[in-house]
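# Per-entry structural report
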Protein chains: 2
Amino acid sequence: MSAGHTGGTDLLEPCGRADHPDCGIRDVLDRVGDTWSVLVLSELSAGTRRFGELQRAVAGVSQRMLTLTVRRLERDGLVTRTVYPTVPATVTYALTDRGRELSALVRGLAEWSLANRAAIAGSRESWDAAHPGSTVR
Amino acid sequence: MSAGHTGGTDLLEPCGRADHPDCGIRDVLDRVGDTWSVLVLSELSAGTRRFGELQRAVAGVSQRMLTLTVRRLERDGLVTRTVYPTVPATVTYALTDRGRELSALVRGLAEWSLANRAAIAGSRESWDAAHPGSTVR
DNA sequence: CAGGATCCGTGATGATACTG
DNA sequence: CAGTATCATCACGGATCCTG
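Presented here is an overview of the structure given in this document. Fair warning: this is a prediction, and the values are worked out from it, not measured in the lab. Sequence order sets the numbering: in each chain, residues are counted from 1 along the sequence as written. The order in which chains are written sets their letters, starting at A; the order in which ligands are written sets their numbers, starting at 1. Local features in this predicted model are restricted to residues whose pLDDT is 70 or higher, and side-chain atom pairs enter the listing and the counts only when it is 80 or higher, whereas totals over whole chains, interfaces and linings include all residues. Values reported for side chains reflect all heavy atoms of the structure, with hydrogen atoms and water molecules removed beforehand.

## Here we look at the overall build of chain A
The condition is simple: The helix and strand labels rest on DSSP assignments: H or I over at least four residues marks a helix, E over at least two residues marks a strand, and numbering proceeds from the N terminus. Between buried and exposed lies partly exposed: a residue is buried under 20% and exposed over 50% of the maximum accessible area for its type, with that area taken using a 1.4 Å probe on protein chains only. It only takes one pair of heavy atoms within 4.5 Å for two residues to be counted as in contact.
The helix and strand inventory of chain A stands at six helices and three strands. The helix and strand sequence of chain A, counted from the amino end, reads α-α-α-β-α-α-β-β-α. Expressed as a percentage of its 137 residues, the buried residues of chain A come to 48%. Restricting to contacts in chain A with at least 6 residues of sequence separation, those with at least 24 account for 38%.

Set out below in structure tokens:
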């Protein structure tokens with residue numbers, strides 16, 4: 001595992017460049033790094049939701065950001081958007097199989113985060129104490 | 001799994017709020033969403049590296065961003081920073097156990113991304129074709 | 001109800017220059 | 001070599017107003 005150059009390098013390095021937007025990995029990871037995407041994915045993993053339900057569930061999200069987030073997820077084939085021709089309009093969102101897969105992975109990350117949250121907070125405290133007035137925050 | 005409200009909601013929603021910076025999950029996930037952090041973590045999973053080696057490996061990163069990235073990772077206890085009192089200075093970085101754990105999880109995400117890259121790209125194309133001139137990009 | 005259009009402040013990021 | 005400091009930019013998110 002520490003010989004030569006075998007870690008995860010081969011996976012991310014060759015095409016992780018910011019100037020290679022087509023190399024994909026980053027594109028997907030970006031969605032994971034997005035606060036709202038993760039929260040929406042999480043909420044939808046509990047079942048189909050309407051726009052308003054999502055907005056209430058993911059408290060704090062603005063109308064604008066919810067729309068953008070949900071659109072991007074739809075564009076990536078992670079959620080489906082269904083419009084019912086009622087008056088006023090009714091729209092529901094649900095995870096696709098692909099979305100469920102990603103949700104599961106993200107959930108793993110989230111669980112790890114929860115489990116290590118305290119330890120990391122501790123590290124930060126000690127670090128901050130040892131580096132007073134650091135510009136790195 | 002779809003009864004009532006059981007998905008991932010309980011994990012992320014209660015404390016994912018942007019105004020609860022102490023609720024942790026987001027803090028860690030942010031690091032995953034960060035381009036450079038992922039790349040550095042990835043490179044270090046292959047072994048100890050010096051600052052310059054990292055900069056060359058993670059091609060495209062600016063000196064400034066590499067410093068910030070590596071500092072934050074150190075602050076979170078994900079990597080160790082070792083300074084050798086040579087002239088000029090020599091500094092090496094390596095993953096901690098915690099860092100290795102996170103790397104492994106991130107690697108899972110990256111693998112999924114790779115595997116689904118084509119499908120997602122396809123979804124985007126169709127979506128873009130079906131939504132000409134959309135502001136959602 | 002769901003969401004498009006606009007305006008605008010702020011923080012993250014890149015480029016550049018200097019140093020122990 | 002391995003940073004630190006400064007400056008300019010710019011995309012991202014929030015707030016607000018309007019509509020099918």
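## Remarks on the protein's contact with DNA strand C
Note the cut-off: Definition of nearness: a residue and a molecule or strand are near each other if at least one heavy atom of the residue lies within 4 Å of the molecule or strand. We call two N or O atoms a polar contact when they sit within 3.5 Å, provided that within protein one can donate a hydrogen and the other can accept it, with sequence-adjacent residues counted only if both atoms are side-chain atoms. Note on residue categories: nonpolar means Ala, Val, Leu, Ile, Met, Phe, Trp, Tyr, Cys or Pro, charged means Asp, Glu, Lys or Arg, and polar means any other residue, Gly included.
The local shell around DNA strand C holds 19 residues, among which F51, G52 and R81 of chain A together with R64 and M65 of chain B are the closest. Of all DNA strand C atoms lying within 4 Å of any protein atom, the proportion belonging to sugar or phosphate reaches 60%. With respect to DNA strand C, the side chain of Q63 of chain A contributes an N or O atom lying 2.8 Å from a base nitrogen. Those elements that provide at least two residues to the surface near DNA strand C are α4 (51-57), α5 (63-75) and β3 (90-95) of chain A together with α5 (63-75) of chain B. Looking at the surface near DNA strand C residue by residue, the classes come out as seven nonpolar, six polar and six charged.

## Thoughts on the packing of helix α3 (residues 35-44) of chain A against α5 of chain A
Residues and elements named next belong to chain A. The following threshold applies: Geometry is summarised by axes, namely lines fitted to C-alpha atoms with helices restricted to the contacting stretch, and by angles between N-to-C directions that run from 0 to 180 degrees. Just so you know how the angles are binned, under 35 degrees is roughly parallel, over 145 roughly antiparallel, 65 to 115 roughly perpendicular, and the rest oblique.
Contact geometry for α3 and α5: axes closest at 10 Å, N-to-C directions at 70 degrees. One finds that α3 runs roughly perpendicular with respect to α5. On the side of α3, the interface is formed by W36, S37, V40 and L41, while α5 contributes M65, L66, T69 and L73. Here the contact of α3 with α5 is composed, by residue class, of six nonpolar, two polar and no charged.

## So, the protein's contact with DNA strand D
Around DNA strand D sit 20 residues in total, of which R64 of chain A together with G52, Q63, R81 and Y93 of chain B are the nearest. Considering the 4 Å shell around the protein, atoms of DNA strand D inside it are sugar or phosphate in 61% of instances. R50 of chain B is positioned with one of its side-chain polar atoms (N or O) 3.0 Å from a sugar or linking oxygen of DNA strand D. For the surface near DNA strand D, the elements supplying multiple residues, two or more each, are α5 of chain A together with α4 (51-57), α5 and β3 (90-95) of chain B. Per-class residue counts for the surface near DNA strand D are seven nonpolar, six polar and seven charged.

## So, the pairing of strand β2 (residues 79-84) of chain B
All names here are of chain B. Convention followed: Here the rule is simple: two strands pair whenever DSSP picks up at least two bridges between them.
Pairing analysis gives six bridges linking β2 to β3, with the strands arranged antiparallel. By the bridge assignment, Y84 is partnered in β3 with T90. What sits between β2 and β3 in their antiparallel hairpin is a turn of five residues.

## Things to note about unusual backbone geometry
Residue P88 of chain A is reached from V87 of chain A by a cis peptide bond, and omega for that bond is 0 degrees. Along the chain, P88 of chain A falls in the loop between β2 (79-84) and β3. Phi at R137 of chain B is positive, roughly 65 degrees, even though this residue is not glycine. As for its position among the elements, R137 of chain B is in the segment after α6 (97-130).

## A few points about α5 of chain A
Put simply, the rule is: Here the expected span of a helix is defined as 1.5 Å times the quantity of residues minus one.
In this model, α5 of chain A (13 residues) spans 18 Å end to end at C-alpha, consistent with the 18 Å of a helix rising 1.5 Å per residue. Where α5 of chain A is concerned, the buried positions are L66, L68, T69, V70, R71, L73, E74 and R75 of chain A. The inward-facing, buried residues of α5 of chain A abut α2 (25-33), α3, α4, β2 and β3 of chain A together with α6 of chain B. Where α5 of chain A ends, the next residue or the one after it, G77 of chain A, has phi of about 70 degrees, a positive value.

## Considering the pattern of salt bridges
The condition that has to hold: Salt bridges are identified by distance alone: a Lys or Arg side-chain nitrogen within 4 Å of an Asp or Glu carboxyl oxygen.
Using the criterion set out here, one finds 16 salt bridges over all chains in the structure. Three or more residues joined by partner-sharing salt bridges are found here, namely D27, R31 and D76 of chain A together with R124 of chain B.

## Remarks on the nonpolar core
The following threshold applies: Buried Ala, Val, Leu, Ile, Met, Phe, Trp, Tyr and Cys residues form a nonpolar core when they are joined through side-chain atoms within 4.5 Å.
In terms of nonpolar packing, the biggest core is built from 54 residues, with V79 and L102 of chain A together with V79 and L102 of chain B touching the most fellow members. Setting aside anything within four residues of it in sequence, one finds L102 of chain B in contact with L109 and W112 of chain A together with V32, L41 and L78 of chain B.

## Things to note about the sheet that holds β2 of chain A
Residues and elements named next belong to chain A. Read from one edge of the open sheet, three strands run β1-β3-β2, paired in antiparallel fashion. For this open sheet the edge positions go to β1 (49-50) and β2, each flanked by a neighbour on one side alone. Here α3 sits on the sheet in contact with β1, β2 and β3, set at roughly 90 degrees to β3.

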